[in-house]
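# Structural overview for review
Each chain, letter by letter, is given below.
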Amino acid sequence: MAMDGSEEFGPFGRPLFDDPAARDLSRVGVVDVGSNSVRLVVFDGAARSPAYFYNEKLMCMLGAGLSETGRLNPEGRDRALAAMQRFAGVAEAIGATPLTVVATAAMRDAEDGPEFQRIVEELTGLKVWVIDGREEARLSAQGVLLGWPGAEGLVCDIGGSSLELAELASGEVGKRVTSNLGPLKLRDVKGGQKGLKRYIAETIDDLAAQMGTGHKRLYLVGGSWRAIARLDMERRGYPLLVQHEYQMTRKSIIDTIKWMEEQGPETLRARTSISATRMALLPIAGQVLKQLVRTLKPAEIFVSSYGIREGMLYEQMPQVLRERDPLIEACRFAEASSSRVPGFGRKLYDFVLPLFGSARTDQKRLIKAACLLHDTAWRAHPDYRHEVCFDNATRANLGGLNHPGRVFLGVALLHRYKNSRAGSRLEPLFDLLDARQLKEAEVLGKAMRLGAMFTSPTHDALPQIKLYPKKGLLEVKVPAHADALFGEVAEARMVSLCKSLGVEPVLKRKRR
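Residues numbered from 1 in each chain as written. Predicted model: local features only at pLDDT ≥ 70, side-chain atom pairs only at ≥ 80, totals over all residues. Heavy atoms only, no water.

We now examine the pattern of salt bridges. Counted according to the given criterion, the structure contains 35 salt bridges. Note that R309 and D32 form a salt bridge whose closest N and O atoms lie 2.9 Å from each other. In this pair, R309 is assigned in helix α12 (residues 308-314) and D32 in strand β1 (residues 26-33), connecting sequence segments 277 residues apart. Overall, R309 belongs to the buried group, its relative accessible area being 11%. For the salt bridge of D350 with R346, the shortest nitrogen-to-oxygen distance reads 3.8 Å. On the criterion of helical spacing, the pair formed by D350 and R346 is a turn pair, its members being four residues apart in helix α15 (residues 344-352). Accessibility expressed as a relative area gives 37% for D350, which makes it partly exposed. Classification of R346 by relative accessible area gives partly exposed; the value is 46%. Ionic contacts of the salt-bridge type, sharing partners, join the residues R71, R77, E111, D112 and E115 into one network. (Salt bridge = Lys/Arg side-chain N within 4 Å of Asp/Glu carboxyl O. Helix = DSSP H or I, 4+ residues; strand = E, 2+ residues; numbered from the N terminus. Buried < 20%, exposed > 50% of the residue type's maximum accessible area, 1.4 Å probe, protein only.)

Two numbers describe how helix α2 (residues 74-94) lies on helix α4 (residues 113-124): the axes approach to 10 Å, and their chain directions differ by 35°. Two packed elements cross with a definite hand, and for α2 against α4 that hand is right-handed. Contacts between α2 and α4 involve R77, A80, L81, M84, Q85 and A88 on the former and, on the latter, E115, F116, I119, V120, L123 and T124. Its residues assigned to classes, the contact of α2 with α4 shows eight nonpolar, two polar and two charged. (Axes fitted to C-alpha atoms, helices over the stretch in contact; angles between N-to-C directions. Left-handed = near helix turned anticlockwise from the far one by under 90°. Contact = heavy atoms within 4.5 Å. Nonpolar A, V, L, I, M, F, W, Y, C, P; charged D, E, K, R; others polar.)

Time to look at the nonpolar core. Counting 103 residues, the largest nonpolar core has L163, L218, W225, V352, L444, M448 and F454 as its most contacted members. The biggest single contributor to this core is helix α11 (residues 276-296), with nine residues. Both domains that furnish three or more residues to this core are identified here as domain 2 (134-310) and domain 3 (325-509). Those residues within four positions of L218 in sequence are excluded, and the remaining contacts are L154, C156, L292, V293, L296, P298, E300, I301 and F302. (Core = buried A, V, L, I, M, F, W, Y, C linked by side-chain atoms within 4.5 Å. Domains from an automatic or database assignment.)

Before going further, it helps to spend a moment on the environment of S170. Residue position: S170 is located in the loop between β7 (163-169) and β8 (172-179). Residue classification places S170 among the exposed positions, given a relative accessible area of 64%. C-alpha of S170 to C-alpha of E152: the two residues are 18 residues apart in sequence and 6.9 Å apart in space.

Further remarks concern the UniProt feature "domain: Exopolyphosphatase C-terminal" (unreviewed entry) in the protein chain. On the UniProt side, "domain: Exopolyphosphatase C-terminal" (unreviewed entry) is annotated at positions that read residues 340-502 here. Each end of residues 340-502 is marked by a C-alpha atom, and these two atoms are 32 Å apart; helix forms 51% of the span and strand 7%. (UniProt positions renumbered as here; feature names shortened; annotations may be inferred.)

This next bit is on helix α7 (residues 192-211). Taking 1.5 Å of rise per residue, the 20 residues of α7 would be expected to cover 28 Å, and the 28 Å separating its terminal C-alpha atoms lies within 8% of that figure. Inspection of α7 places G195, L196, I200, A201, T203, I204, L207, A208 and M211 among the buried residues, and these make up the whole buried set. In this structure, the buried residues of α7 make contact with β6 (153-158), β7, β8, α6 (183-186) and α11. G212 lies just past α7 and shows a positive phi near 85°. (Expected span 1.5 Å × (residues − 1).)

What follows covers the domain arrangement of the protein chain. Once the domains are mapped, the protein chain shows domain 1 (28-131), domain 2 (134-310) and domain 3 (325-509). Placing a centre on the C-alpha atoms of domain 2 and another on those of domain 3 gives a separation of 38 Å. Roughly 1000 Å² is buried in total at the junction of domain 2 and domain 3, and carbon and sulfur atoms are behind 64% of that figure. Summed over the three residues of domain 2 that lose the most area to domain 3, namely P239, L240 and E245, the buried surface amounts to 46% of that side. At the junction of domain 2 and domain 3, the tally comes to zero salt bridges. Taken together, the links from domain 2 to domain 3 amount to seven residue pairs in polar contact (both at pLDDT 80 or more). By residue class, the composition of the side of domain 2 that touches domain 3 is nine nonpolar, two polar and one charged. (Buried area = accessible area lost by both parts, 1.4 Å probe. Polar contact = N/O pair within 3.5 Å; in protein donor to acceptor, adjacent residues only side chain to side chain.)

Our next topic: the sheet that holds strand β9 (residues 217-221). Two strands in a sheet stick together by hydrogen bonds in their backbones, pointing the same way (parallel) or opposite ways (antiparallel). Pairing in this open sheet of six strands is mixed, and the strands run β8-β7-β6-β9-β11-β10 from one edge to the other. Unpaired on one side and paired on the other, β8 and β10 (247-248) mark the two borders of the sheet. The strands touched by α7 within the sheet are β6, β7 and β8, with β8 carrying the most contacts at an inclination of about 155°. Along the sheet, α11 makes contact with β6, β7, β9 and β11 (300-304), crossing β9 at roughly 165°. (Pairing = 2+ DSSP bridges.)

On to the sheet that holds strand β14 (residues 504-509), then. Taken in spatial order, the three strands make up an open sheet running β12-β13-β14, and their pairing is mixed. Both edges of this open sheet fall to β12 (464-468) and β14, since each of them pairs with a single strand only. Put simply, the sheet's adjacent strands are angled 15° from each other on average, direction ignored.

We now examine the packing of aromatic side chains. Going through the model one piece at a time under the given rule, you end up with seven aromatic pairs. Ring geometry for Y52 and Y306: centres 6.5 Å apart, planes at 45°, overall tilted. In this pair, Y52 sits in strand β3 (residues 51-59) while Y306 sits in the loop between β11 and α12, placing the two residues 254 residues apart along the sequence. A relative accessible area of 21% places Y52 in the partly exposed class. Plain terms: the ring middles of W148 and F302 are 6.1 Å apart, the flat faces sit at 65° to each other, and that makes the pair edge-to-face. (Phe/Tyr/Trp six-rings, centres within 6.5 Å; stacked < 30°, edge-to-face > 60°.)

Quick look at the structure:
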């Protein structure tokens, strides 16, 4: 691909971040012109864990009929051009220019792709970068790295006209392969169902020969995979509908594809709100996924909402930024922009940590995240703050956070504002944690609830706490300059925390 003398800026001719290490607030717009859909995403927020400021998609089906005609779908061309004209106007209005536009399989395979590329630039001013399959695989894998630092395994990205595999190891993208296993392309395979099944199996066998089998993890990227994951949730009665980091097994995938075939598209659409256009692709996509997991035999299977668009951001990040924790960065940004006393979360973390002396590194990062978020919902009505906190934690667009981690954060923040969770409408989600995890989240929440009583601009009013589990005691030392802050409410919160810990309080106050 031509670089126009701008190789130092990567494949798009310019950096997406002027100074990635310094720009905490960045509004960056990217357009993904795929074989199925055309999508505009504008990222805004902490550069390491960008928020989705704007997200609009149109199912244009540019790749429909491409195998037979060799050309882009005419109706899809018109719809895609109209969408990109709109996207250019939207980006101008919200300050997200210039847009970076990348096109994949349909545009690179169609004989009229270069012509359409020229028309888009003439009418919208948008330069479209048409990338090959290996580059598409690399960018999608980098998108996974944005959400999973240090991810290991295979990334499988499905589009309308192609399917790519990329290897991730030690935080780097390794081998990459591309294929024609996109649902739009597979519609045109000859020989009926038997011919289609044989073609899928032979192609996946070839991919497996190149990439190997038995990888620890398979990361699924693409709208068809997310739709199948949504159906898996529906079949299982899964209580949390966030698809990012949703985990499936080989058996659950096969069971869901069978269930999908039995239910029929109209029933499934009514239950899940999956579009008719997407639903029409799922029978073929399901056959591909079923064969893929049977052949590759991954130990774990996860869905990634991060893909090529996020990979375009990751492309521009310096290594020092890539190494930051996306969850903690997002929580720091939330604290800085939404809490009443920014910076107190760090001190609160130091305050509660003695209660979790044996916590692993992955547990400590959740504790730190909760402390950073503890005061970000203060604008909500007091009677609903506990629910708002829980909803924010479990439904937010956060990377580096699996589903049990979301619920742990949610329960901890719920108890930051409310002693009891009994009878809550949120109870079905609590089942994603075991009894020990629920108790730890409750203790963390009540400890933050106590620590919040000592909020001060100088962050030096917090007591010191020490847990003596064998003695059944919690020692609370209040510094002299903070003694006036330890009133009846603080004492009641201390007692509640001790009740959850199953210990007795020992209060030591230094009076002036």
